[in-house]
Number of protein chains: 2
Amino acid sequence: MKENTARSAALPVAPTRGRLRPLGLDEVRITGGFWARRRHTNETVTLGHCRDWMERVGWTGNFRAAAEGRIQQDRRGREFADSELYKLLEAMAWQSGTGTTPDAETAALTEVLAAAQEPDGYLNTAFGRPGQRPRHSDLAWGHELYCAGHLIQAGVAQARTRGEGELTRIARRAADHVCATFGPGGIEGVCGHPQIETALVELARLTGERRYLDQAALFVDRRGHGTLPDGEFGRAYHQDDLPVREATVLRGHAVRALYLAAGAVDVAVETRDDALLAAVVRQWEATVARRTYLTGGMGAHHQDESFGDDFVLPPDRAYSETCAGVASVMLSWRLLLATGEPRYADLAERTLFNVVATSPAEDGRSFFYANTLHRPHRDAAPATETVSPRAESGLRAPWFAVSCCPTNVARTLAQLPAHLATADDQGVQLHQYADAEIDTTLTGGHRVALRVRTDYPSGGTVTVTVDRSPDHPWTLTLRVPAWTAHATTWLADPDGRRRTVAPGTAGTTRVFRPGDEIRLELPVRARWIRADPRIDAVRGTVAVQRGPLVYCAESVDLPEGHEVDAVRVDPSAEPEDGPDGPDGAGGTVVVAGEVTAHDARHGESWPYRPLDAPARPPAADRAGIVLVPYHSWANRGPSTMRVWLPTVEPDHLAPPT
Amino acid sequence: MKENTARSAALPVAPTRGRLRPLGLDEVRITGGFWARRRHTNETVTLGHCRDWMERVGWTGNFRAAAEGRIQQDRRGREFADSELYKLLEAMAWQSGTGTTPDAETAALTEVLAAAQEPDGYLNTAFGRPGQRPRHSDLAWGHELYCAGHLIQAGVAQARTRGEGELTRIARRAADHVCATFGPGGIEGVCGHPQIETALVELARLTGERRYLDQAALFVDRRGHGTLPDGEFGRAYHQDDLPVREATVLRGHAVRALYLAAGAVDVAVETRDDALLAAVVRQWEATVARRTYLTGGMGAHHQDESFGDDFVLPPDRAYSETCAGVASVMLSWRLLLATGEPRYADLAERTLFNVVATSPAEDGRSFFYANTLHRPHRDAAPATETVSPRAESGLRAPWFAVSCCPTNVARTLAQLPAHLATADDQGVQLHQYADAEIDTTLTGGHRVALRVRTDYPSGGTVTVTVDRSPDHPWTLTLRVPAWTAHATTWLADPDGRRRTVAPGTAGTTRVFRPGDEIRLELPVRARWIRADPRIDAVRGTVAVQRGPLVYCAESVDLPEGHEVDAVRVDPSAEPEDGPDGPDGAGGTVVVAGEVTAHDARHGESWPYRPLDAPARPPAADRAGIVLVPYHSWANRGPSTMRVWLPTVEPDHLAPPT
């Protein structure tokens, strides 16, 4: 692993070592297309939406109440409500870009926080004041370190975009309090919800102060020794069942597991702990192979928002929490920087397009918390003016009693440009494809400027134009997504020579001249996908993927009065591109199949029969079934939806009639 | 519906009207076989086990603490802990049989309750005393009426078996307090957990006092109007989303839904409310057709212990709570008495053999709370000396933090003889088959005595010998289980004449003489079962049922080192009877199939592939797969288990290689 010499201050994640060097938000801009539209909505709608809701439900007011000595009566929201304001501040920082002073909104919210921080640096509106539970009296569920972590992340984001100011100072005081309280000789505990680990490492990176890193390493090593109470969900819920170094797969609460893994990578990178890094890589591999949905979604249980057993991936009860998608992208990004392996960018791409992009509605004002892969019934639209008490429904909700997801989506979209490209001593690597402009300085001080133009993910042509280049050879590396396997991908060099490239990475090394073009032609076409037969819940079904996008059937596209569970598809015919979809990003796909007449199978009788009993297959009409990108579903009113579609092939269990 | 003139006092459920008249525990005895063994274990082990655990965890002590004014410091257990002592007292009453005085144990526990009851009749150790929350301040989660209901049931059981005594008086005072507090002009609310409804109706039946029935009817009618708060699980969780009369299917928390439905039947029968009865029948039909596991188990969600959507019945995350099985048997029994339709006895049989009998271990000292149909990994044995914080594991636990199931199993096994037979003006009906002696008096005062001998469920021959009979014709009716469909069932009359009979009921009307025998020959053989294709979670799999018993593969019966998920079966060959199983009740079954070599499919890679990508099927060894009765699983140490088995038929999604 190489040392990084950061060229940019505006880095969401800034490891001091790694195979690849991240580029900052001042080096990469997204200029158009799928993600530009979503970032625009994020900036112009979602950030304000989150700010307004937090005022309305009193979570911002909690800080004022704490400062004014009336928190005992006036506290609103759950233990972790403070963290939402911090995540919003972080999102605002990354979204608004670099400058020299905080924007007015940030400055105003920072004042609110400053007034609530206690003299010793502790800042949490749910604990420690008269009439409240004592500080750190409930490590399992209190979320105090979790909240502190998000505060620190906000302070880092502020420092990295607008320079150190009051928010960063508040964050540092909070971090100092954490180190004083939980450092050697202090409380030998961990927080029930990991998050402080990544935050402290990032603060160490920002400040150069080793003690923050040491504290993060201490938290990583302390976990897994059963210091948290065993409860209904078991010790794995808090990842307190096994030390990080000994675990072989991610387990328990998915967001907790992924945040912890991300923190462990950060610690491993900074402390040169290859064994710890290898442990997380092993867990990532097993988790991706056995505990991840086709969408990249993670978390199969509603009960405890946790990973299921290996291959237990029910589509109809998929939890696939938005925040787990965010956390998975965070983990993959750190592993990509550390190792340079494209498989991490593959998973990040899948998760961004099919989980992170699915959560917000087109208008940026409502969100999925859980991202199911099958909705068998239509839900009434959630009220737009009230807080949803539930994590899941068939339509997005504007705000939740536990509202972790909206601000998590916001801070992810805000920092997305940083995920597009990296650099190393050889040159520049493109990981995610979007219309973009990249302007960075390679080793030796040589400036490189690139323009990326693409219709991805609707189309597969990615053109990279060199606008500025040193006059010696360097390498432009493009990721060839894993989803291109068993199809042909072409790469054309500036001379127009095409070569086929395999999944992984494809590099072009030469003396580039301004105006030179590299063209990647990705085989974006709809393909049938099948699952490992060990995934019981989708046996006998197929799905459709087109480029990185997973597709789904949605009832609004079916003949009047039909629901998606009446659909069977015929995978012997290739899926074909259909008319543009409702979202304009990805288009529709049409597959051959049939729709069972609505009531044909609907008897009210015992649903299990001897195999040797006669059966009459239901009447069905052949039809072309329109599929839409999964991320776009539930934008057209109440609907039913499914990703995995049963096949029309005669049920091999049906008896010969 | 006819009026019932009860012949017996010892009736667990004593409707004043109904198509069938129940027989009391003094009229039906189970003398041998499957259920006699379990009732013996219940009497000699489980009742004491529950009593000892309740002492140990302090739930009995709560009553002493309440009486002694130290409950605020000393209360143990959840809000509903009181109910466990009541359920134990009810179980002890039914199990110990009739007499003239309470047994010593009951008397001692009754003294404890008496000391804790407040002067106005209120009795609950979790609310209302200094330092506790006020009475009825948390109807949604407080379980006060739920606990009162179980107290009333215990008082009724005591009165019906040993005569009215102190326990019955305590119960009546509690019921009077409920009526005074929640009756007209009182609190217009319902309890978050139904249960009080059945209890109040039964008390009305015992005492003849209409006001208890009126209060139950009020509770049934009040529910469904959104008086309980909407929360994370939605109003359906408490069945407060729709009035009972308007609902079309059971939904929400399964035990709550089933208790409420049972209470609604009780109210409907006693108030001659045919519309209400029809509403519950409709809900039962839809629930059985769309929301019930092959085992009879109900409840598909762990999160909220609730019914899933229609046809959402995942085997690996089946909740199928033991108490929901108990509640389902309660509901079916009431519907059977009201309507006389054998379909209710069919479901009760299935649920008794595959849920209620599955919960307790062979030794009667540990229990399943959830009854999954698939366990993909081996669990370590739960500690035998500590309370399990979890509802589910792959092995039974001796006691739970929420320990509703052990006492619920105990009270069900205790009253099981009453489920075997009924009478009406025409004669006697046998509903469940076990070695038994029945001695009752028909209309007109004519005494009938019968002996039943059978090896059911291992074998299918049921012989009923008439020991005493009036010298005029009457009808002996035997249920022909629904599981005999598409196979031949014979009924032989006392003259040895055989006729085939169809699923439903088969009556023999004649002048019976002592010594006359009726013989039912049920086609008990193992058969492949398939599920309605709308049940997504078991597509492409089959199960085995033999008589009423559902079977499963358990890893302890597989070649060394294999787990059940490696099994594929070949349904083109009929299942065959194997050697006797570990339980001696039901025997084993051997099916043709194959076992995939352990690691053959175990790559650590993305588990979704294009359908057109080449694939190599895993190596597999042909093998005879031994299946055991589902109720017997997990009695031989940690194991993996599954009921629904994928078929060996080449995966129709596998590409031509």
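Description of the structure in this document. (Residues numbered from 1 in each chain as written. Chains lettered and ligands numbered in written order. Predicted model: local features only at pLDDT ≥ 70, side-chain atom pairs only at ≥ 80, totals over all residues. Heavy atoms only, no water.)

**Side note on the packing of helix H11 (residues 274-290) of chain B against helix H12 (residues 322-339) of chain B**
Residue and element names in this part refer to chain B.
Part 1 of the argument: It is at 12 Å that the axes of H11 and H12 come closest, and there the two elements cross at 125 degrees. With respect to H12, the element H11 is oriented oblique. In this structure, the crossing between H11 and H12 has a hand that is left-handed. Residue-level inspection shows Leu277, Val280, Val281 and Trp284 of H11 in contact with H12, the latter providing Leu331, Ser332, Leu335 and Ala338.
Part 2 of the argument: The class makeup of the residues in the contact of H11 with H12 is 7 nonpolar, 1 polar and no charged. (Axes fitted to C-alpha atoms, helices over the stretch in contact; angles between N-to-C directions. Helix = DSSP H or I, 4+ residues; strand = E, 2+ residues; numbered from the N terminus. Parallel < 35°, antiparallel > 145°, perpendicular 65-115°, else oblique. Left-handed = near helix turned anticlockwise from the far one by under 90°. Contact = heavy atoms within 4.5 Å. Nonpolar A, V, L, I, M, F, W, Y, C, P; charged D, E, K, R; others polar.)

**What to know about the pattern of salt bridges**
Part 1 of the argument: Tallied over the full model, the rule gives 129 salt bridges over all chains.
Part 2 of the argument: A salt bridge links Arg173 of chain B to Glu166 of chain B; its shortest N-O distance comes to 3.6 Å.
Part 3 of the argument: Take Arg173 of chain B: its relative accessible area is 34%, and that puts it in the partly exposed class.
Part 4 of the argument: Residues Arg245 of chain B and Asp221 of chain B are paired through a salt bridge, measuring 3.2 Å at the closest nitrogen-oxygen approach. Of this pair, Arg245 of chain B sits in the loop between helix H9 (210-222) and helix H10 (254-271) while Asp221 of chain B sits in helix H9, and the two are 24 residues apart along the sequence.
Part 5 of the argument: By relative accessible area, which is 34% here, Arg245 of chain B ends up partly exposed.
Part 6 of the argument: Among the charged side chains, a salt-bridge network with shared partners connects Arg160, Glu202, Arg205, Asp266, Glu270 and Arg334 of chain A. (Salt bridge = Lys/Arg side-chain N within 4 Å of Asp/Glu carboxyl O. Buried < 20%, exposed > 50% of the residue type's maximum accessible area, 1.4 Å probe, protein only.)

**A closer look at the interface of chain A and chain B**
Part 1 of the argument: Each partner contributes to the interface: chain A provides 74 residues, whereas chain B provides 74 residues.
Part 2 of the argument: Buried area between chain A and chain B, summed over both chains or domains, comes out near 6,500 Å², and the portion from carbon and sulfur atoms is 52%.
Part 3 of the argument: For chain A, the biggest contributors to the area lost against chain B are Arg530, Trp606 and Tyr608 of chain A; these three give 13% of the whole.
Part 4 of the argument: Across the chain A-chain B interface, the total number found is 8 salt bridges.
Part 5 of the argument: Inspection of the chain A/chain B interface yields 24 residue pairs in polar contact (both at pLDDT 80 or more).
Part 6 of the argument: Those elements that provide at least two residues to the side of chain A that touches chain B are helix H11 (274-290), helix H13 (342-356), strand E16 (526-531), strand E17 (541-546) and strand E22 (608-610) of chain A. (Buried area = accessible area lost by both parts, 1.4 Å probe. Polar contact = N/O pair within 3.5 Å; in protein donor to acceptor, adjacent residues only side chain to side chain.)

**Things to note about the pairing of strand E6 (residues 421-424) of chain B**
All names here are of chain B.
Part 1 of the argument: With burial as the criterion, each face of E6 is covered, one bearing Ala421 and Ala423 and the other bearing Thr422 and Asp424.
Part 2 of the argument: Here strand E3 (residues 21-22) pairs with E6 via 2 bridges, running antiparallel. Paired with Pro22 across the strands is Thr422, a residue of E6.
Part 3 of the argument: Judged from the 4 bridges that link them, E6 and strand E7 (residues 427-430) form a sheet pairing that is antiparallel. (Pairing = 2+ DSSP bridges.)

**Topic: the side chain of Asp346 of chain A**
Residue and element names in this part refer to chain A.
Part 1 of the argument: With respect to the secondary-structure elements, Asp346 resides in helix H13.
Part 2 of the argument: Here Asp346 falls in the buried class, since its relative accessible area comes to 15%.
Part 3 of the argument: A polar contact is formed between the side chain of Asp346 and the backbone nitrogen of Ala482, at a distance of 3.1 Å.
Part 4 of the argument: Sequence-distant contacts of Asp346, that is, excluding residues within four places in its chain, are made with Arg479, Val480, Pro481 and Ala482.

**Considerations on the relation of the copies chain A and chain B**
Part 1 of the argument: Overlaying chain A on chain B yields an RMSD of 0.0 Å, the required transformation being a rotation through 180 degrees with an accompanying axial translation of 0.0 Å. Between the two chains, the operation in question is that of a two-fold axis. The position closest to the rotation axis in chain A is occupied by the C-alpha of Gln303 of chain A, lying 1.8 Å away.
Part 2 of the argument: The fraction of interface residues of chain A whose copies in chain B are also interface residues reaches 100%, indicating that both copies meet through the same surface. (Least-squares fit on C-alpha atoms with pLDDT ≥ 70 in both.)

**Looking at the packing of aromatic side chains**
Residues and elements named next belong to chain A.
Part 1 of the argument: Tallied over the entire structure, the rule returns 36 aromatic pairs over all chains.
Part 2 of the argument: Taken together through their ring pairs, the aromatic side chains of Phe34, Trp35, Phe353, Tyr433 and Tyr456 make up a single cluster.
Part 3 of the argument: It is Arg38 that lies over the ring of Phe34; its NZ or CZ is 3.7 Å from the centre. (Phe/Tyr/Trp six-rings, centres within 6.5 Å; stacked < 30°, edge-to-face > 60°. Lys NZ or Arg CZ within 6 Å of the ring centre and 35° of its normal.)

**Some remarks on the sheet that holds strand E8 (residues 435-442) of chain B**
All names here are of chain B.
Part 1 of the argument: Ordered by their spatial adjacency, 7 strands build an open sheet running E4-E8-E9-E10-E15-E12-E13, and the pairing between neighbours is antiparallel. Two strands in the sheet have a free side with no partner beyond their single neighbour: strand E4 (28-32) and strand E13 (498-501). Recorded for the sheet is a direction-independent mean angle of 20 degrees between the axes of neighbouring strands.
Part 2 of the argument: Pairing of strand E12 (residues 489-492) with E13, which is carried by 4 bridges, proceeds in the antiparallel orientation. Within E13, the position partnered with Thr489 by the bridge is Val501.

**Observations concerning the packing of helix H12 (residues 322-339) of chain A against H13 of chain A**
Residues and elements named next belong to chain A.
Part 1 of the argument: In the contact formed by H12 and H13, the axes pass within 8 Å of each other and the chain directions differ by 160 degrees. Here H12 lies roughly antiparallel to H13, going by the angle between them. Crossing handedness for the pair H12 and H13: left-handed. Residues Thr322, Gly325, Val326, Ser328, Val329, Ser332, Leu335, Leu336 and Thr339 of H12 form the contact with H13, whose participating residues are Tyr344, Ala345, Leu347, Ala348, Thr351, Leu352, Val355 and Val356.
Part 2 of the argument: Residues that form the contact of H12 with H13 fall into these classes: 11 nonpolar, 6 polar and no charged.

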